[in-house]
Amino acid sequence: KVKSVLVSIAGTTASALGQIRQSLYDKTDGIECQRALNESNPFCTWDDAVSAVVDVPQVLSHSERTTSDRKFSLWSALFSHTFSSLVHSLLTTSFHSVHAKVVSTLRTSLSQAPALSNLLPHEAYRNTMRIATDLDQALLKVSDDAHELLVHAEEREESERRLRQSLYVQTCEILGRLLCEIRRIVTEAKGRESDGTRELIVGRLCHFLKFRLTSLPTLLNPDSSPVKNTSTGMISYMDLESAFSLADDNEDGLISFAEAMDATESAFSGTQFHGSEMLRGTLLLSNTSKTADGKEAYVDVTLSELMLLTARGLLHGKGTYSALGMVQHALDGIVTGCFEKWADAALKPSVQRLSDKIEEFWTTAVTTTDAEWQSFHGSSSPTATVSPFDSISGISPQTVGFVLNASFIMNQSTTPADSLTPVPSDEYAIALGIPEGTVPTLTDTLRWTLLFRSLHIFVKAWSDSLSKVEAINVNSTAALQFYLDVTFVKFCFFDRNQHGLGPFGERVEPSLDKLVQKADGIVSKTCSRSTLLSLPSKVKDKHDHVDEVCDLFVSSLFGSRSTSAMVAAAGEVDLGGSSNFAHPFFYSPLSSARRFPLLPIQTDRTLADLQIKSAYKKDKEGQDRNKESIGGSVMSSGLGF
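Quick summary incoming for the structure in this document. (Residues numbered from 1 in each chain as written. Predicted model: local features only at pLDDT ≥ 70, side-chain atom pairs only at ≥ 80, totals over all residues. Heavy atoms only, no water.)

### Side note on the overall build of the protein
This is how the line gets drawn: Where helices and strands are cited, they refer to DSSP runs of H or I of at least four residues and of E of at least two residues respectively, numbered from the N terminus. Accessible area is worked out with a 1.4 Å probe on protein chains only. A residue is then buried under 20% of its type maximum, exposed over 50%, and partly exposed in between. Residue contacts are defined here by distance: any two heavy atoms, one from each residue, within 4.5 Å place the two residues in contact. In short, Shrake-Rupley with a 1.4 Å probe defines the accessible areas, and a residue's cover is counted only from the protein chains shown.
Along its length, the protein carries 23 helices and two strands. Looking at the 641 residues of the protein, the share that counts as buried comes to 44%. Here the contacts in the protein between residues at least 6 apart in sequence split such that 79% fall between residues at least 24 apart. Counting only carbon and sulfur atoms, one obtains 54% of the accessible surface of the protein, whose full area is about 33900 Å².

### Some words on the side chain of Arg453
With respect to the element layout, Arg453 can be found in helix α19 (residues 442-466). In contact with Arg453, not counting residues within four places along its chain, are Glu340, Ala343, Asp344 and Leu347.

### Observations concerning the packing of helix α15 (residues 323-365) against helix α20 (residues 476-496)
Put simply, the rule is: To define axes, lines are fitted to C-alpha atoms, for helices over the stretch in contact only, and angles between the resulting N-to-C directions are given on a 0 to 180 degree scale. Comment on the angle field: the value is read as roughly parallel under 35 degrees, roughly antiparallel over 145, roughly perpendicular from 65 to 115, and oblique elsewhere. What makes a crossing left-handed is the near helix being turned counterclockwise from the far one by less than a right angle; a clockwise turn instead makes it right-handed. Nonpolar residues are Ala, Val, Leu, Ile, Met, Phe, Trp, Tyr, Cys and Pro. Charged residues are Asp, Glu, Lys and Arg, and all others, Gly as well, are polar.
Interhelical geometry of α15 versus α20 gives an angle of 150° and a closest axis separation of 9 Å. In this view, α15 runs roughly antiparallel relative to α20, as classed from their interaxial angle. In this structure, α15 crosses over α20, and the sense of that crossing is left-handed. Residues Phe361, Trp362 and Ala365 of α15 lie in contact with α20, whose contacting residues are Ala478, Gln481 and Phe482. Here the contact of α15 with α20 is built from residues that sort into five nonpolar, one polar and no charged.

### Here's the deal with the environment of Asp426
Tracing the sequence through the fold places Asp426 in helix α18 (residues 426-431). Sequence separation between Asp426 and Thr438 is twelve residues; the distance between their C-alpha atoms is 9.4 Å.

### Focus: helix α6 (residues 74-112)
Short version of the rule: Between the first and last residue of a helix there are one fewer steps than residues, each counted as 1.5 Å, and that sum is the expected span. Note on bend: at a given residue it equals the angle between the axes fitted to the 7 residues ending there and to the 7 starting there.
Between the first and last C-alpha of α6 there are 57 Å, a value that for 39 residues agrees with the 57 Å anticipated at 1.5 Å per step. Remark: the principal bend of α6, roughly 35°, maps to Ser80.

### Side note on the packing of aromatic side chains
The line we're drawing: When the centres of two rings from Phe, Tyr and Trp lie within 6.5 Å, Trp using its six-membered ring, the rings pair. Their planes under 30 degrees apart give stacked, over 60 give edge-to-face, and anything left gives tilted.
Enumeration according to the criterion identifies 14 aromatic pairs in this entry. Ring geometry for Phe268 against Phe273: centres 6.1 Å apart, planes inclined by 70°, an arrangement best described as edge-to-face. The burial state of Phe268 is the same as that of Phe273; both residues are buried. Each residue in the set Phe361, Trp362, Phe402, Phe458, Trp462 and Phe482 is aromatic and connected to the rest through ring pairs, giving one cluster.

### Focus on the environment of Lys514
On the secondary structure map, Lys514 appears in helix α21 (residues 505-526). On a C-alpha basis, the gap between Lys514 and Val459 in space is 9.4 Å, while along the polypeptide they are 55 residues apart.

### Digging into a nonpolar patch on the surface
What counts, and what does not: Surface patches are defined over residues having more than 30% relative accessible area and no salt bridge, joining like charges when they lie within 9 Å and nonpolar side chains (Val, Leu, Ile, Met, Phe, Trp, Tyr) when within 5 Å. In the sections that follow, a salt bridge refers to a side-chain nitrogen of Lys or Arg positioned within 4 Å of a carboxyl oxygen of Asp or Glu.
Residues Phe408, Leu552 and Phe553 make up a contiguous nonpolar surface patch of roughly 320 Å² in combined accessible area. Summarising the element assignment, Phe553 is placed in helix α22 (residues 529-558).

### Quick look at the side chain of Asp248
To be explicit about the condition: Only four residue types enter the charge count, namely Lys and Arg as positive and Asp and Glu as negative; His and the chain termini do not. Within 3.5 Å is the distance limit for a polar contact, defined as a pair of N or O atoms, with the added protein rule that one can donate a hydrogen and the other accept it, and that residues adjacent in sequence qualify only through two side-chain atoms.
The residue Asp248 is located in the loop between α11 (237-247) and β1 (255-256) in this model. In this structure, Asp248 is buried with no salt-bridge partner, the nearest side chain bearing the opposite charge being Arg183 at 11 Å. At 3.4 Å, the side chain of Asp248 forms a polar contact with the backbone nitrogen of Asp252. When neighbours within four sequence positions are excluded, Asp248 is seen to be in contact with Gly253, Leu254 and Ile255.

### Observations regarding the nonpolar core
For the record, the criterion: As used here, the term nonpolar core means buried Ala, Val, Leu, Ile, Met, Phe, Trp, Tyr and Cys residues forming a set that is joined through side-chain atoms within 4.5 Å.
Ranked by internal contacts, the top residues of the largest apolar core, which has 143 residues, are Leu220, Trp342, Trp362 and Phe482. It is α15 that provides the largest number of residues to this core, a total of 20 residues. Setting aside anything within four residues of it in sequence, one finds Leu220 in contact with Tyr168, Thr171, Cys172, Leu175, Ala323, Leu324 and Val327.

### Focus: the pattern of salt bridges
For the structure shown, the criterion picks out 16 salt bridges. A single network of salt bridges, built from pairs that share partners, joins Arg107, Glu181 and Arg184.

### Brief notes about the packing of α20 against α21
Closest axis-to-axis distance for the α20/α21 pair is 9 Å, and the angle between their directions is 155°. Taken together, the axes of α20 and α21 are roughly antiparallel relative to one another. For the element pair α20 and α21, the recorded crossing hand is left-handed. The residues of α21 that touch α20, namely those facing Ser476, Ala479, Leu480, Phe482, Tyr483, Val486, Thr487, Lys490 and Phe494, are Val508, Glu509, Leu512, Asp513, Leu515, Val516, Ala519, Asp520, Ile522, Val523 and Thr526. Partitioning the contact of α20 with α21 into residue classes produces 13 nonpolar, three polar and four charged.

Structure below.
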C-alpha cells in the first residue's frame, strides 16, 4: 500500500523518491524531530506518542535484534523495508527497460543491415560500438539512481550493503538474460540460409561488450555478492554444474528450458529458493509463455548463462567462477560461434568452386595418362615432358584462388579501428575479468577465425574427395600437382603466416598433417626415384614464386614479408628481367594452367568509348538519386546502415 502511494506521488524518479525518503526519516526517527516535539509539546513526549499507537514490547519481542541492541524505531517499523523493497522493484523495472532497449536496438540494426557483400565494416563498427556504449551508460545510470534513492547518512552502511547486493544480483540476471537473447538472435535463422551479416554484427557487438562495459567491475564486485546464509542455504558453482551436466545429454553445452527448470529445481532442493520459478522469472517467461500448439516457448541456455540467471541463490567465487568470469566466458562463446558461422558463409561461394574443381581434378587424374594430363595442363614447351614435375606450371588455380579469396574477405570485413587494442592497460583487462596477456584485437580475432575455417574447409574438401577415388590409379603428374597444392597451403598457413592461428592452432594442424602424409604416400608410389630426390627443392621454388607474386594480396591475411623491391647501387630498379637481384621490383604473372590461353580481341574503339560514357552517366544519376533518398532517413533514425 505504501509503495503504491509513494509511486503515485513521485513516480519512478530517483531524486523525488529520495527527497520523500529523507523527509519521512526526519519526521519518524530523526533526532531533531524528536527534540522539537519534546520541547514544543509539554503534554506529550516523543516516546509517549509512539507508545500510544504502537505496542512496543510486542514489536520488540518479534525483532531479530539482540536484547542489548533492542530499541524501537518508528522509521524501521513503517518505512525502512518498504523503501528497500521499492528500490528492488524499481531496479527490476529499470533493468527490464534496459534489456528491452538493447534487444530492440540490435534487432533494428540487423533489419537495416545490407547483405554481407555490401556491408561496410566502419558502419558495423559504429553501430555495435554505440549499442555497447549505450548499455554501459544505462547500467551506470541505474546504479547512480539507486544510490541516490536508497543511501543517506543515517543508515548508510546497512542500506549501501543491501543496495550493492541487489545491484549485483540484478546485474547478473540482466546480463544472463541479455546474453541468452543475443545468442538466440543468431540461431533464429536456423534452417534458413544466412549470408553471415547477422553473425558478423552480433560477433562484433559481443566483442565490444567484453571490453566496453566499464560499469561491471563495480556492479559485479565479488565483495557485493550475496553472502552465505545458514538458515536459507545457497548452492555452489559445482552443485549447479553437476545438475547441468546431467541434463545435457548430448554434451553440446546447451540445455532446453524444460531441462534447465529440472536442473535448477534439483540443484536448489533443500534451500528456500524454487529453482524453476526463479529461472522462469529471470527469463521473463510467464506460465502462459507457450506456442500456438500448447508447447513451452523454446529457450535454451548455456552453463554460464544459467549461473548468471540463478545468481541470487548461488555462491560466486573469484576468477573464472566469479560473475565477471562467467560473463566473459559466455561472451567468448558467442564471439567464437558467430565469427565461425560468418567465415563459413563468406567462404561458401569459393568453397563450392573449390569442391567442383577438386572433383574435376580427380576425375581427370584417374582416367588420363601423364601425356594426356600434360597436354591439358602442362607447358607448351617441347622440353616440358622431360620430367613430370617440369610439366606442372605451378600451384593450381583453384588453390591460389581459394587463398586469395580468403584474403579479400579479410580486407572487406575489417576497418582500421579494428586493429586498435581494446583495453588501455593490463590492469583494466584484469578488472573486467580477462586474464592478463590474452587481449587480442578484433582484427586478430577475425583473422584467426578466417584462417581456421578456410584451412578446415580446404582439408575437408580434399579429404572427402580423396576418399571417393582409388589414389593408386592417379598418374604421376596429377599426384605431384596434388602434393604441390597441399604443401603450398601448409606453407601459407604455418610457415608464411606471421600471425599464427591463435586458439585454433591445435585443432587443425593434425588433420592437415594427415592430408600431407596421404599426398606424400601417393607421390612415393607413382613417381620415380629421381623425381622424388629433386622434389623438395622444386616444391620450394614453386611455393616461393607464387608467394612472391601474391605477396601484396595475401599480406593482410598472413602478414607482410621483407622488402620485395631492391634498388641497385646506380639507382636502377630491377624490372624482373635479370637475376641480379633476389627480390625484383616487378614479377611476371602466374603462368596459365591451360596449354592454350585465351588472347584479348581488339574491339571498335569508338563504340567502346560511347558505351563507357553512357554507363558512367547512368551510374552518376543513380548515385545522385540514392543520396537524396537516403540522406534524410539516416539523419532521422540515427542508427542503421
